[in-house]
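Analysis of the macromolecular model
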Amino acid sequence: MFMKPSQRRPRRATEFSGGWSPTMRRLRTQMAVITTASTALLWVDNLSEHYRGGFQRKLMYVPVVANPVVAAAGAVTAVTGGRRGARLFGLLSGAQTLIATVGFIEHQRGILNRPGHHQPRQLLFNAWYGPPSAAPLQYLGLGLMGLMATVPPSAAAPVLARIPIHRLMRAFSALNIPPLWGEIGYLHARGAFQNPAQWLPVLTLPVAGAMSALAAISEADTAHKAATAASGWTALLGVLGTGFHLYGLHRRYGGYRRGSFLFNWLNGPPAPAPLQMVGLGLAGLAAERAVSRG
Amino acid sequence: MTSHDEVDAVVVGVGAAGAVLVRKLADAGWRVVGLDAGPHWDPQTDFLSDERAMSKLFWRDRRVTGGDDPIELAGNVTGKGVGGSTVHYSMYALRLHRSDFETRTRDGVGSDWPLSYEDLEPYYDEVERELGIAGPVDWPWDAPRRHRYPYRPHQLNGVGEVMARGCDALGITWRPGAIATLSAPKGDRPPCVYRGWCLSGCTTNAKSSTLVTYAEEAVHAGADIRPHCMVHRVDTDATGRAIGVTYFRRSADGTVHEERQRARVVIVSAYSIETPRLLLMSASSRYPDGLANSSGLVGKGLMIHGSDIVFGRFPEPVSQFKAPPPNTITQDFYETDAANDFVRGYSIETVGPLPGKFAQLAASTLGLWGESLREFMYDYSHYAGLGLVGETQAQDGNGVRLSPDETDTFGLPIPVVTFSYADDDRRLLDAGADTQRRILEAAGAEVTFRVSDTAHLMGACRMGNDPVTSVVDRNCRAWDVRGLYICDGSVFVTSGAANPSLTIQAIAARTADQLIAAGRRHEL
């Protein structure tokens with residue numbers, strides 16, 4: 001699907017593409033594609049959740065409004081290979097990390113302000129039915145990916161001189177997994193693990209995270225294989241999870257029938273949520289692919 | 001008269017206990033017949049979002065109620081149809097406390113049960129698992145549980161938030177209630193969609209009534225459940241052994257036929273009014289005072305729960321109609337406290353009457369009618385109600401007997417039910433209502449009002465270790481009549497301060513196991 005560098009027409013160097021090796025240019029484009037798609041999917045999830053929450057606070061509109069703009073800039077960047085929109089995408093991705101940080105704090109406050117907050121044993125109950133604790137961290141992760149896909153070579157060079165990009169991505173994957181795992185864990189616990197498949201991400205994601213973390217500190221070939229397997233499994237979990245969540249919607253009263261669908265979509269298993277794992281896994285795979293290409 | 005071939009067991013009443021018995025015995029390979037006086041409902045076609053229409057779920061045959069504090073009998077304390085009152089009950093699925101089984105020893109009141117909590121504990125676990133009870137992660141009252149609830153708790157509804165806020169302000173421990181409606185799918189049953197029509201029959205099958213759980217599984221296991229069969233006599237042979245039942249069967253065209261079902265074991269599970277009524281109606285020359293009544297205790301010792309509700313009006317809408325009414329609970333006041341002027345205690349739980357019921361309660365309590373009631377009902381959504389489950393003590397003066405001169409449509413003598421609170425019961429009720437009011441006021445209620453109400457029936461054929469002071473033994477076997485078992489809420493010795501359905505079901509599950517084991521030993 002990607003042409004060899006030698007087959008491509010020479011392109012005008014931009015701040016986005018200039019100064020990078022062809023491999024790095026390709027990787028950054030792929031990351032822009034993945035970030036954009038993930039951001040768009042997360043918007044669907046975010047819109048559903050904040051709509052379900054009745055937009056009780058005006059702050060809840062911020063990510064809903066901001067995300068399409070970020071995704072649009074990302075799409076332009078991805079489609080043009082970085083010749084258009086990259087600077088704006090980078091700026092918006094930076095803003096997204098700020099929005100996500102504020103969101104994360106507000107979500108914790110939302111949980112801690114619920115009745116029974118002074119009883120530590122009620123914390124889990126409040127987390128189950130309060131704002132999703134770690135969801136904004138997925139936003140944060142995507143913001144960081146947007147920044148990585150657009151950062152100028154001059155700013156990136158000092159870091160990349162010390163740590164190669166694929167190892168950075170392994171560390172990034174490893175860091176993304178704990179909050180993702182925590183969120184999946186406590187929400188699947190709310191569902192009482194009624195379907196044994198709900199254990200799958202809970203049991204295997206930490207393994208994938210640990211493999212990515214270990215691979216981040218090694219240049220060995222086995223590290224490359226481990227990181228590839230971890231990212232591949234993470235992506236596969238996302239695909240399987242989406243399938244199971246769509247099946248879960250069908251099991252609710254009314255299932256996909258027109259009169260029931262919106263209610264079930266809002267209150268059933270979040271169908272777009274597992275796709276974040278697909279994004280994370282594909283980003284990791286893209287980085288490993290870049291290594292194998294040298 | 002049609003006479004059916006002998007089966008292994010016939011169960012009279014396919015409700016909370018009967019459905020459990022029928023399913024478990026059928027699973028064990030028994031040939032079982034379940035007879036129920038009402039219909040075999042189909043929730044998707046028979047249940048409506050219509051409060052008045054759904055009063056068809058209640059047992060509305062003629063009964064006489066009396067005593068100093070007559071209880072309402074045509075409402076939610078009983079049910080008619082397969083599933084019994086679990087079809088319309090409020091779904092709190094609570095265990096009795098360990099102390100409930102030994103109130104005589106601990107507090108000097110009532111009688112000790114012949115069973116302990118530990119005897120029932122595995123059956124509580126079993127029934128909770130089968131029904132998919134959704135409950136809190138920890139249960140801070142009584143001794144710790146061995147297992148977590150199988151499903152996670154439901155979210156707080158408006159009334160639950162009010163109660164939680166009030167309890168937090170007063171330092172009272174609260175938890176989301178343990179309730180029999182699914183919070184996640186179970187088999188082909190979907191999770192609750194929070195319509196809030198639970199007390200009018202659940203149309204989605206999320207509610208774990210025995211209609212859609214045990215009874216449905218029993219049919220798949222090969223049990224024969226016959227609706228519209230009003231049993232009016234337990235038959236005995238010349239040796240005095242129970243050999244079957246005789247009943248009136250109403251056909252679809254309205255005609256009534258008398259039929260007989262012979263069985264090796266007869267199990268009466270018709271609850272605290274119809275069970276003693278049936279035993280008393282089965283009097284014969286051998287048993288002139290009624291079956292299993294050598295102690296004279298059949299129909300005596302009926303208990304209820306004092307269930308006064310305190311409503312509070314809030315400036316913001318509470319939407320009390322939304323989501324299952326059973327939502328939040330405290331049992332901080334369950335046990336005897338030396339500081340009180342009464343023994344034993346109470347639970348406080350959220351309630352959420354639909355507009356019709358709320359209007360009825362307000363009209364009868366506040367004397368509202370016409371324009372004043374209409375004005376009052378504009379604020380329906382602003383009210384939150386907390387209900388009491390207050391323990392009452394068994395008194396022989398409270399109970400069920402047969403009317404000497406009034407009969408029902410089948411020509412059977414109707415039951416006369418008598419109930420009066422003891423002074424201790426009244427003091428407990430007043431203390432409970434005061435706590436309810438304080439919680440509501442601490443949550444910000446502008447005004448409150450108290451509604452007198454009762455809930456649940458227990459006792460009237462109590463179990464025990466002595467044939468002189470009880471009707472059945474610890475395995476629910478009638479002391480006097482071989483082949484006869486009584487298994488429902490009527491065998492309760494004390495009422496506890498918890499909704500009784502789960503204990504009824506646990507006793508039924510245990511009785512089924514005892515029967516199966518006895519059958520294997522050829523000791524039936």
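The rules behind these values
- The residue numbering used here restarts from 1 in each chain and proceeds along that chain's sequence as written.
- All chains are assigned letters beginning at A, and all ligands numbers beginning at 1, according to the order in which they are written.
- The predicted origin of the model limits local features to residues at a pLDDT of at least 70 and limits the giving and counting of side-chain atom pairs to 80 or more, whereas totals for whole chains, interfaces and linings rest on all residues.
- Here a helix means four or more residues in a row that DSSP labels H or I, a strand means two or more in a row labelled E, and each is numbered from the N terminus.
- Here the globule rule is a power law, 2.2 Å times the number of residues to the power 0.38, and the radius of gyration is based on C-alpha atoms.
- The burial label depends on the number of other C-beta atoms within 10 Å of a residue's C-beta. Counts of 20 or more mean buried, 12 or fewer mean exposed, and intermediate counts mean partly exposed, with C-beta atoms placed from the backbone.
- Two residues form a contact once the distance between their C-beta atoms, set from the backbone, is within 7 Å.
- Where each domain starts and ends comes from a domain assignment, either automatic or drawn from a database.
- Any helix carries an expected span of 1.5 Å times its number of residues minus one.
- Two strands form a pair only when DSSP identifies at least two bridges running between them.
- Residue classes follow a fixed rule: Ala, Val, Leu, Ile, Met, Phe, Trp, Tyr, Cys and Pro count as nonpolar, while Asp, Glu, Lys and Arg count as charged, and any other residue, Gly among them, counts as polar.
- Axes here refer to lines fitted to C-alpha atoms; in helices the fit is confined to the stretch in contact. Angles between the N-to-C directions go from 0 to 180 degrees.
- Throughout this description, any angle smaller than 35 degrees is read as roughly parallel, any larger than 145 degrees as roughly antiparallel, any in the 65 to 115 degree range as roughly perpendicular, and the remainder as oblique.
- Two helices cross in a left-handed way if the nearer one is turned anticlockwise from the farther one by less than a right angle. They cross in a right-handed way if the turn is clockwise.
- For this entry, the nonpolar core is defined as buried Ala, Val, Leu, Ile, Met, Phe, Trp, Tyr and Cys residues connected by C-beta atoms within 7 Å.
- Across the chain, each position has a pLDDT score giving the predictor's confidence in that residue, from 0 to 100.

With that settled, consider the overall build of chain A. Helix and strand counts for chain A come out as 11 helices and zero strands. Its helices and strands in sequence order give chain A the pattern α-α-α-α-α-α-α-α-α-α-α, from N to C terminus. Taking 294 residues into account, the globule formula puts the C-alpha radius of gyration at 19 Å, and chain A, at 20 Å, falls close to it. Out of the 294 residues in chain A, the part that is buried amounts to 45%. Taking all contacts inside chain A whose residues are at least 6 apart in sequence as the whole, residues at least 24 apart take part in 76%.

Now for the overall build of chain B. Within chain B, the regular secondary structure consists of 11 helices and 18 strands. Taking 24 Å as the expected radius of gyration for a compact globule of 524 residues, we find that chain B reaches 22 Å, a close match to that expectation. Principal-axis analysis of the C-alpha atoms gives chain B an extent of 70 × 50 × 50 Å. Across the 524 residues in chain B, those meeting the buried criterion constitute 56%. Once local pairs closer than 6 in sequence are excluded, the contacts in chain B between residues at least 24 apart make up 73%.

The subject of this paragraph is the domain arrangement of chain A. Residue and element names in this part refer to chain A. One can read the domain layout of chain A as domain 1 (13–161) and domain 2 (163–294). For domain 1 and domain 2, the distance between their C-alpha centroids amounts to 17 Å. Of the residues lining the interface, 28 residues belong to domain 1; the matching set on domain 2 comes to 24 residues. Sorting elements by how many residues they give to the side of domain 1 that touches domain 2 places helix H1 (residues 22–52) first, with 15 residues.

Right, let's get into helix H5 (residues 135–150) of chain A. Compared with an ideal rise of 1.5 Å per residue, which puts 16 residues at 22 Å, H5(A) spans 24 Å between its outermost C-alpha atoms and is within 8% of the ideal. With 15 of 16 residues buried, H5(A) is to be regarded as a mostly interior element.

Residues and elements named next belong to chain B. Following the sequence through the fold, Cys 476 ends up in the loop between strand E17 (454–460) and strand E18 (484–486). Looking at Cys 476, the number of C-beta atoms within 10 Å reads 29, which means it is buried. Taking the C-alpha atoms as reference points, Cys 476 and Val 265, 211 residues apart in sequence, are found 12 Å from one another.

With that out of the way, let us pick up the pairing of strand E6 (residues 229–236) of chain B. Residues and elements named next belong to chain B. In the sheet, E6 pairs with strand E7 (residues 242–250) via seven bridges, with the strands oriented antiparallel. Bridging across to E7, Cys 229 finds its partner in Arg 249. From the end of E6 to the start of E7, which pair antiparallel, there are five residues, and Gly 240 there has a positive phi angle of about 95°.

With that out of the way, let us pick up the environment of A:Leu200. In this fold, A:Leu200 is placed in helix H8 (residues 199–216). Spatially, the C-alpha atom of A:Leu200 lies 42 Å from that of A:Ser154, the residues being 46 residues apart in sequence.

A word on the interface of chain A and chain B. Each partner contributes residues to the interface: chain A has 17 residues there, and chain B has 23 residues. Those elements that place two or more of their residues in the side of chain A that touches chain B are helix H4 (123–129) and helix H7 (165–190) of chain A. With four residues, the top contributor of residues to the side of chain A that touches chain B is H4(A). Within the side of chain A that touches chain B, the residues separate by chemical class into nine nonpolar, four polar and four charged.

Next up on the list: the packing of helix H2 (residues 61–79) of chain A against helix H3 (residues 86–112) of chain A. All names here are of chain A. Between H2 and H3, the least distance of the axes is 9 Å, while the angle of their chain directions is 150°. The pairing of H2 with H3 is recorded here as roughly antiparallel in orientation. The way H2 lies across H3 gives a crossing that is left-handed. Across from Val 62, Pro 63, Ala 66, Val 69, Val 70, Ala 73, Gly 74 and Thr 77 in H2, the residues of H3 making contact are Ala 86, Leu 88, Phe 89, Leu 92, Ser 93, Ala 95, Gln 96, Ile 99 and Gly 103. A breakdown of the residues in the contact of H2 with H3 according to their chemical character gives 12 nonpolar, five polar and no charged.

Bringing the nonpolar core into the picture now. The biggest cluster of nonpolar side chains holds 159 residues, and the ones touching the most others in it are B:Val22 and B:Ile486. Residue contacts for B:Ile486: discarding those within four places in its chain leaves B:Val268, B:Thr275, B:Ala292, B:Cys461, B:Val471, B:Val472, B:Cys476, B:Ala478 and B:Val491. Listed in part, the 56 residues of the second largest apolar core include A:Leu41, A:Ala86, A:Met169 and A:Ala283.

Once that is clear, we can look at the packing of helix H5 (residues 158–170) of chain B against helix H10 (residues 423–442) of chain B. Residues and elements named next belong to chain B. As a packed pair, H5 and H10 sit with axes 7 Å apart at the nearest point and diverge in direction by 100°. When the interaxial angle is binned, H5 and H10 end up roughly perpendicular. Packed against H5, whose contacting residues are Met 163, Gly 166, Cys 167, Ala 169 and Leu 170, the element H10 presents Arg 438, Ile 439, Leu 440 and Ala 442 at the interface. In terms of residue class, the contact of H5 with H10 is built from seven nonpolar, one polar and one charged.

A few words now on the environment of B:Lys357. Residue and element names in this part refer to chain B. Looking at where Lys 357 falls in the secondary structure, it is placed in helix H8 (residues 355–366). In this structure Lys 357 comes out as partly exposed when scored by C-beta crowding, with 16 C-beta atoms within 10 Å. Through-space distance from the C-alpha of Lys 357 to that of Arg 62 is 21 Å; in sequence the pair is 295 residues apart.

The next thing to look at is helix H4 (residues 117–131) of chain B. An α-helix turns once per 3.6 residues; consequently, residues spaced three or four apart project the same way. All names here are of chain B. In this model H4 runs 20 Å from its N-terminal to its C-terminal C-alpha over 15 residues, within 8% of the 21 Å that 1.5 Å per residue would give. Considered for burial, the residues of H4 that qualify are Leu 120, Tyr 123, Tyr 124, Val 127, Glu 128, Glu 130 and Leu 131. Residues of H4 that are buried in the fold lie against helix H11 (501–520). Backbone geometry just downstream of H4 places Gly 132 in the positive-phi region, at approximately 70°.

Okay, the pairing of strand E2 (residues 32–35) of chain B next. Residue and element names in this part refer to chain B. Neither face of E2 is left uncovered, since the one carrying Val 32 and Gly 34 and the one carrying Val 33 and Leu 35 both have all their residues buried. With four bridges joining them, strand E1 (residues 2–12) and E2 adopt parallel strand pairing. Of the residues in E2, the one forming a bridge with Ala 9 is Val 32. Pairing between E2 and strand E5 (residues 224–226): three bridges, direction parallel. Looking at E5, one finds that Gly 34 is bridged to Ile 225.

Attention now goes to unusual backbone geometry. Residue and element names in this part refer to chain B. The phi angle at Asn 205 is positive, at roughly 75°, despite the residue not being glycine. By secondary structure assignment, the location of Asn 205 is in the loop between strand E4 (175–176) and helix H6 (214–220). In the Ramachandran plot, Arg 344 falls in the positive-phi region, its phi being about 60° despite a non-glycine side chain. Mapping Arg 344 onto the fold places it in the loop between strand E11 (328–330) and strand E12 (346–351).

Across chain B, pLDDT averages 96, with 100% of residues at or above 70. Here the predicted complex carries an ipTM of 0.89, next to a pTM of 0.93.

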